[in-house]
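# Results of the structural survey
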Amino acid sequence: MNWICIGVAAMAALCLYLASPHQSLWPAALKRQAFLRWLAVPLAVGSVASAVEAYGFWAGASIALTGFMAMLVALPYLNAWRKKGARHVG
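Report follows, based on the coordinates. (Residues numbered from 1 in each chain as written. Predicted model: local features only at pLDDT ≥ 70, side-chain atom pairs only at ≥ 80, totals over all residues. Heavy atoms only, no water.)

Looking now at the nonpolar core. Counting residues in hydrophobic clusters, the biggest one holds nine residues: C15, Y17, L18, A19, L25, A29, L36, A40 and L75. Top element by residues in this core is helix α1 (residues 2-18). It accounts for three residues. Apart from the residues lying within four places of it in its own chain, the contact partners of A29 are L18, Q23 and L36. (Core = buried A, V, L, I, M, F, W, Y, C linked by side-chain atoms within 4.5 Å. Buried < 20%, exposed > 50% of the residue type's maximum accessible area, 1.4 Å probe, protein only. Helix = DSSP H or I, 4+ residues; strand = E, 2+ residues; numbered from the N terminus. Contact = heavy atoms within 4.5 Å.)

Moving on, we come to α1. Between its terminal C-alpha atoms α1 stretches 24 Å, which fits the 24 Å expected from 17 residues at 1.5 Å a residue. Every buried residue of α1 is accounted for by C5, A9, A10, A12, A13, C15, Y17 and L18. (Expected span 1.5 Å × (residues − 1).)

Time to look at the packing of α1 against helix α2 (residues 33-55). Packing of α1 against α2 leaves a shortest axis separation of 8 Å and a crossing angle of 160 degrees. Between α1 and α2, the interaxial angle falls into the category roughly antiparallel. As α1 runs across α2, the sense of the crossing is left-handed. Residues N2, C5, V8, A9, M11, A12, C15, L16 and L18 of α1 form the contact with α2, whose participating residues are L36, R37, L39, A40, L43, A44, S47, S50, A51 and Y55. Of the residues assigned to the contact of α1 with α2, the class counts are 15 nonpolar, three polar and one charged. (Axes fitted to C-alpha atoms, helices over the stretch in contact; angles between N-to-C directions. Parallel < 35°, antiparallel > 145°, perpendicular 65-115°, else oblique. Left-handed = near helix turned anticlockwise from the far one by under 90°. Nonpolar A, V, L, I, M, F, W, Y, C, P; charged D, E, K, R; others polar.)

Structure follows, in structure tokens:
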């Protein structure tokens, strides 16, 4: 159950990242920004709810938030790694 909660939280973070105008992982996602932002909310709530049911409130909220934040930190690095020779500034 722990990995399911983290995976759903990571999907919520991915939705938020893909809705950002600064991302270049999937350019076609910019056409669906409103849907992706909307989808991130039920995914995040579902992740927290399933973790809270299994582990209790504080532990479950921490597990879901950890998966969410880890993905939000990793996605910009993945984006930069994919654009190896490209200039990021200027």
